[in-house]
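# Fold and geometry: a report
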Amino acid sequence: MIDTPSLVDQYCHGVLRTELGLGTFEAHLARSEGPPAPGTTFFDTQTGFAVRRWCPPLLGLEPHCPPARYLARRRELGVLEAGRRLLRGSGVTTYLVDTGLPGDLTGPREMASTGDADAHEIVRLELLAEQVADTSGTVESFLANLAESVHAAAANAVAFASVAGVRHGLTFAPEPPGPGEVRGAAGRWLAHRPVGGALTDPVLLRHLLWIAVASGRPLQLHAGLGEPGLRIDATDPVLLTDFARATAGLGTDLILLHGYPYHRNAAHLAAVFPHVHTDLGAELVRTGARATAVLAEVLELAPFGKLLFSSGAHGLPELHVVGARLFREALARVLGTWVAEGAWSLTDAQRVAGLIAGGNARRVYGLD
């Protein structure tokens, strides 16, 4: 038996504080630009089936119970008690929480209290830049305040996260933009940006990345599956090869998030570059019953000290549960098979399981 007693969820978001109806709950099970196929729901996905497998027992129901019954039990318990039972039943002992999404979501402190766990903040670079822009009157003050804000955030956050791949794609130039280029881009953006407008300018996105690299904090980069309207071929992590080469030797670790369905490419980059790591978030939650096969594909290429567990969960505490349970099940099956076949010793399998489950994250983020 492969045991993973301590899980560090190295990338997730908070959970919603509000009660959810059927439609709102389902919308969090699948990222789609429209409704499900006629006669079906978003429970008819690998993620939906995984929720029905792992979550009902934590709320006192049988596995695979109908969605309507599950949601009725959820409402009966109330959002706070249901969230407490689910998070504490996930087995996660430390959450690293990206606080950059809108909505009535719990922050790190509330996640720690509800889940009876430790929690730390991940600062999203683009949101930070947008907040600075809202309070900066000139290009010069914006750029100065931006650098100062990133530096200040680095004092408390365990990492920075960037959605440059989601906003623009990963086909940006790898080198830092020049000062004149940055000032020009900032001037154009500030002149035409409505209050609260999103940062999508590729020059400023690159500028942000390089400020974060200079901070020395680990930098998480979204790749693979992203927002529904994004062309997925623009988020293949292999497009980050030149950026990885440009940042090599600078002392900042890069962590590739959500590489699926390009998870083998993410694993390859982790194998090639000493400062590149990859996580096991969306690929397991999205693939559900196929998570074992997907995890085995990542383990084909990535060094075992470069893999980090995450759920990537957002909104629903159920997704925290599914991420953790699928990871544990898949890891136990893959490594257990190799032990049974004599390819690995049980001692080595247990050691590697501990690294991926939490040891690597504790090292990369300095959690010890």
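Let me sum up the structure you'll find in this document. Small disclaimer: the values here were computed from a predicted structure and weren't measured.

## Overview of the overall build of the protein
Check the secondary structure of the protein and you find 16 helices and eight strands. C-alpha atoms of the protein, sized along the principal axes, occupy 60 × 50 × 40 Å. Buried positions account for 52% of the 368 residues belonging to the protein. Restricting the contact set of the protein to residue pairs at least 6 apart, pairs at least 24 apart contribute 76%. Positive and negative side-chain charges in the protein, numbering 31 and 37 respectively, have mean positions lying 3 Å apart.

## Considerations on the pairing of strand β6 (residues 254-257)
Side chains Leu254 and Leu256 of β6 all project onto a buried face; the interleaved residues Ile255 and Leu257 project onto the opposite face, where all are buried too. Pairing of strand β5 (residues 219-222) with β6 involves four bridges; the strand directions are parallel. By the bridge assignment for β6, leucine 221 is matched with leucine 256. Sheet topology note: the β6/strand β7 (residues 276-280) ladder contains three bridges and is parallel. Following the sheet pairing, leucine 256 is matched in β7 by threonine 278. Between β6 and its parallel partner β7, the chain crosses via helix α12 (residues 263-272), and the hand of that crossover is right-handed.

## Here's the deal with the nonpolar core
It is characteristic of soluble globular proteins that their nonpolar side chains tend to be buried jointly. Judged by nonpolar contacts, the single largest core of 44 residues is most densely connected at Phe160, Leu219 and Phe243. Going through the elements one at a time, α6 (125-134), α7 (139-154), α9 (179-192), α10 (202-215), β5, α11 (241-247), β6 and α12 are the ones with two or more residues in this core. Ranked by the residues each element gives to this core, the list is headed by α10, at nine residues. Formed by 32 residues, the second largest nonpolar core is a distinct cluster that contains Leu87, Ala267, Ala302 and Ala330.

## Structural notes on the sheet that holds strand β1 (residues 7-12)
Each strand in a sheet pairs with another by means of backbone hydrogen bonds, the pair being arranged parallel or else antiparallel. Spatial ordering of the open sheet is given by β1-β2-β3-β4-β5-β6-β7-β8, a layout of eight strands whose pairing is parallel. At either end of the open sheet lies a strand with only one pairing partner, and these are β1 and β8 (307-309). Sheet twist, expressed as the mean angle between neighbouring strand axes with direction ignored, is 30°. Relative to strand β3 (residues 118-124), helix α5 (residues 108-115) is tilted by about 155°, and along the sheet it contacts β2 (92-98) and β3. Lying over the sheet, α12 contacts β6 and β7, oriented at roughly 145° with respect to β7.

## Here's the deal with the state of the cysteines
Each disulfide consists of one covalent bond between the sulfur atoms belonging to two cysteines. The tally for this structure, following the rule as stated, stands at zero disulfides. No disulfide involves cysteine 65; its nearest neighbouring cysteine sulfur is the one of cysteine 55, lying 9.8 Å away.

## Thoughts on the layout of surface pockets
Roughly 220 Å³ of volume is contained in the second largest pocket. What lines the second largest pocket is a set of 14 residues, among which Arg53, Trp54, Gly288, Ala289 and Leu326 lie closest to the centre. Only α2 (46-54), α14 (291-301) and α15 (317-340) provide two or more residues apiece to the lining of the second largest pocket. Looking at which element gives the most residues to the lining of the second largest pocket, the answer is α2, with five residues. When the residues that make up the lining of the second largest pocket are grouped by side-chain class, the tally is seven nonpolar, four polar and three charged.

Criteria and thresholds
- Residues numbered from 1 in each chain as written.
- Predicted model: local features only at pLDDT ≥ 70, side-chain atom pairs only at ≥ 80, totals over all residues.
- Heavy atoms only, no water.
- Helix = DSSP H or I, 4+ residues; strand = E, 2+ residues; numbered from the N terminus.
- Buried < 20%, exposed > 50% of the residue type's maximum accessible area, 1.4 Å probe, protein only.
- Contact = heavy atoms within 4.5 Å.
- Lys, Arg positive; Asp, Glu negative; His and termini not counted.
- Charge placed at Lys NZ, Arg CZ, Asp CG, Glu CD.
- Pairing = 2+ DSSP bridges.
- Right-handed = clockwise from strand over helix to strand, strands pointing away.
- Core = buried A, V, L, I, M, F, W, Y, C linked by side-chain atoms within 4.5 Å.
- Axes fitted to C-alpha atoms, helices over the stretch in contact; angles between N-to-C directions.
- Disulfide = S-S within 2.5 Å.
- 1 Å grid on protein atoms, 1.4 Å probe; cavity = no way out; pocket = protein on both sides within 12 Å on 5 of 7 lines; lining within 4 Å.
- Points joined across faces, edges and corners; volume = space filled by probe spheres on them.
- Nonpolar A, V, L, I, M, F, W, Y, C, P; charged D, E, K, R; others polar.

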